[in-house]
Amino acid sequence: MRKQGGAEVFRITGARQGLADDVRGRQRRYIISMSVRTVSVVLAATLWNVERHVAVVALALGVLLPYVAVVIANAGRENAPSLPSTFVPAPVRPSLGPSSAVAPEPAPGPGPAASAGEPQGTG
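Here's what I pulled together on the structure shown here. This is a predicted model, so every value here is computed, not measured.

1. Section: the pattern of salt bridges
- Using the criterion set out here, one finds two salt bridges in the structure.
- Note that Arg24 is salt-bridged to Asp21, the shortest N-O span being 2.9 Å. Of this pair, Arg24 and Asp21 both sit in helix H1 (residues 19-47), separated by three residues, roughly a single helical turn.
- On the accessibility criterion, Arg24 (51% relative accessible area) is exposed.
- On the basis of relative accessible area, Asp21 is assigned to the partly exposed category, the value being 35%.
- A salt bridge links Asp22 to Arg26; the shortest N-O distance between them is 3.0 Å. Of this pair, Asp22 and Arg26 both sit in helix H1, four residues apart, roughly one helical turn.
- For Asp22, a relative accessible area of 6% gives the class buried.
- The exposure class of Arg26 is buried, given its relative accessible area of 18%.

2. A look at a nonpolar patch on the surface
- A grouping of Trp48, Val56, Leu59, Val63 and Leu64 is seen on the molecular surface, where their side chains present a nonpolar patch of about 450 Å² in accessible area.
- In this fold, Trp48 is placed in the loop between H1 and helix H2 (52-73).
- The class of Trp48 is partly exposed, set by a relative accessible area of 33%.

3. As for the environment of Met34
- For Met34, the location among the structural elements is in helix H1.
- For the pair Met34 and Gly62, spaced 28 residues apart in sequence, the C-alpha separation works out to 8.8 Å.
- Aside from chain neighbours lying at most four places away, what touches Met34 is Leu65, Pro66 and Ala69.

The rules we used
Residues numbered from 1 in each chain as written. Predicted model: local features only at pLDDT ≥ 70, side-chain atom pairs only at ≥ 80, totals over all residues. Heavy atoms only, no water. Salt bridge = Lys/Arg side-chain N within 4 Å of Asp/Glu carboxyl O. Helix = DSSP H or I, 4+ residues; strand = E, 2+ residues; numbered from the N terminus. Buried < 20%, exposed > 50% of the residue type's maximum accessible area, 1.4 Å probe, protein only. Patch = residues over 30% accessible without salt bridge, like charges linked within 9 Å, V, L, I, M, F, W, Y side chains within 5 Å. Areas by Shrake-Rupley, 256 points an atom, 1.4 Å probe, with all protein chains shown as cover. Contact = heavy atoms within 4.5 Å.

Right under this line is the structure:
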């Protein structure tokens, strides 16, 4: 079996997490955040007449957590800058040096091209 010359080789260590796994993880983080919010709102309602300071903190957490949970859930896919590149480029073959078949440049000599600055003709 021959190896294709122009094919890219991919490293599995540089592959990102699958889309289904990424969505499942974001849904799990959102549900955990909303569960913490629900507990904090219930705690605020329960402790409102007993410990007002704790109830206010729990209420603030219950108010701010939905915004934070939505931002985290919609953050998008992860970036992996510390991982190696996702593909290994094909090796570059060295090129040959200049060919001797190329005609050398003409040497300057007497003629119309060599005396471009001198007037020609009548003299």
